[in-house]
Amino acid sequence: MIILFFQAEDGIRVAQESRGLGDVYKRQGRDRQRPPTGPQVMNPTGSDLGRQRLRIVVAAGAVVAIDLLSKAASSAYLTAEGIDLPGPLDLRLAYNTGMAFSLGNNAPTWLIVALTGGVAVVIATVAWRGVFASSVAAGVVVGGAIANVADRVQAGTVVDMLHTGWWPTFNLADVAIVCGAAALVLTTLRAPAEQASES
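All figures in this text were calculated on a predicted structure; none of them were measured in a lab. (Residues numbered from 1 in each chain as written. Predicted model: local features only at pLDDT ≥ 70, side-chain atom pairs only at ≥ 80, totals over all residues. Heavy atoms only, no water.)

> For the environment of N171, give the residues involved together with the corresponding values.
In this fold, N171 is placed in the loop between β2 (158-163) and α5 (172-198). With relative accessibility at 0%, the residue N171 sits in the buried group. Spatially, the C-alpha atoms of N171 and L93 are 10.0 Å apart, while their sequence positions differ by 78 residues. A polar contact is formed between the side chain of N171 and the backbone nitrogen of A173, at a distance of 3.0 Å. For N171, the side chain forms a polar contact with the main-chain nitrogen of D174, separated by 2.9 Å. (Helix = DSSP H or I, 4+ residues; strand = E, 2+ residues; numbered from the N terminus. Buried < 20%, exposed > 50% of the residue type's maximum accessible area, 1.4 Å probe, protein only. Polar contact = N/O pair within 3.5 Å; in protein donor to acceptor, adjacent residues only side chain to side chain.)

Printed below as a string of structure tokens:
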């Protein structure tokens, strides 16, 4: 009788210990499945990072080529009178001594080049490390900045040709910078939410 009592007590103790270990394993499983909190940072490695860098270079190169070609064509064929187009945009030749959308017209050339080039270098460096969610958007911004810097270094001004009548005349590089920056912000803000939903 006494032996049976101790055997039953040992069985209860073993069952309790097994149940306790099971609870620990369940908690550990929940902790592993729980999505991380706080700001998420993109951290690609290997081939993914290589593909992202290739997209940066291709996007930036395409923007630079298209913008500089449009500026060369505008300088050769457009006049101040320009060409009226259907829709909100017309073509007018203008030379901008300031930054994008004629901001900072009175600033010295070296300051504008330094600011624009500095922004391009920072964005390119961060994008090269794979931090941004969209490498294409980063490349578009960098390409627009490089195109405007190249034009300014060559002539001291930037060629503009897109005219609205209610906004300062601008060029394709300005469009690339604004649209690329907007896409960069949106994709970076969306990335943590998408990662959490996939976890």
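Moving on from the coordinates now.
> Would you mind going over the nonpolar core in detail, with residue names and values included?
Of all hydrophobic cores here, the largest spans nine residues; its members are I56, I123, A127, F132, A137, A138, V141, V142 and L184. For this core, the secondary structure elements donating two or more residues are α3 (109-128) and α4 (135-155). Sort the elements by how many residues they give to this core and α4 lands first, with four residues. Setting aside chain neighbours within four positions, we find I56 in contact with A127, W128, S135 and G139. Core analysis: the second largest hydrophobic core is formed by six residues, L78, L93, M161 and L162 among them. (Core = buried A, V, L, I, M, F, W, Y, C linked by side-chain atoms within 4.5 Å. Contact = heavy atoms within 4.5 Å.)

> Just give me the short version of the pairing of β2, but keep the residues and values in it.
Of all six residues making up β2, five are buried, and the element is well covered by its neighbours. The pairing of strand β1 (residues 90-96) with β2 spans five bridges and is classified as antiparallel. Pairing of N96 across the sheet is with V158, part of β2. (Pairing = 2+ DSSP bridges.)

> For the environment of V185, give the residues involved together with the corresponding values.
Within the secondary structure, V185 is located in helix α5. What makes V185 partly exposed here is its relative accessible area of 47%. With 52 residues separating them in the primary sequence, V185 and A133 have C-alpha atoms 9.0 Å apart.

> Explain the pattern of salt bridges to me, and be specific about the residues and the numbers.
One pass over the structure, following the stated rule, counts four salt bridges. Between K71 and D67 there is a salt bridge, with the nearest N and O atoms lying 2.8 Å from each other. Of the two residues, K71 and D67 are both situated in helix α2 (residues 47-77); the distance of four residues between them amounts to about one turn of the helix. Linking D151 and K71 is a salt bridge whose minimum nitrogen-to-oxygen distance equals 3.7 Å. Remark: K71 occurs in helix α2 and D151 occurs in helix α4; sequence separation between them is 80 residues. Linked through salt bridges whose partners overlap, the residues forming this network are D67, K71 and D151. (Salt bridge = Lys/Arg side-chain N within 4 Å of Asp/Glu carboxyl O.)

> Lay out the side chain of N148 in plain terms, naming residues and giving numbers.
Its place among the elements puts N148 in helix α4. A polar side-chain atom of N148 sits 2.8 Å from a polar atom in the side chain of K71.

> I'd love a proper account of a nonpolar patch on the surface, names of residues and values included.
Taken together, M99, W110, L111 and L115 make up a surface patch of nonpolar side chains, about 400 Å² in accessible area. With respect to the helices and strands, the residue L111 is situated in helix α3. (Patch = residues over 30% accessible without salt bridge, like charges linked within 9 Å, V, L, I, M, F, W, Y side chains within 5 Å. Areas by Shrake-Rupley, 256 points an atom, 1.4 Å probe, with all protein chains shown as cover.)

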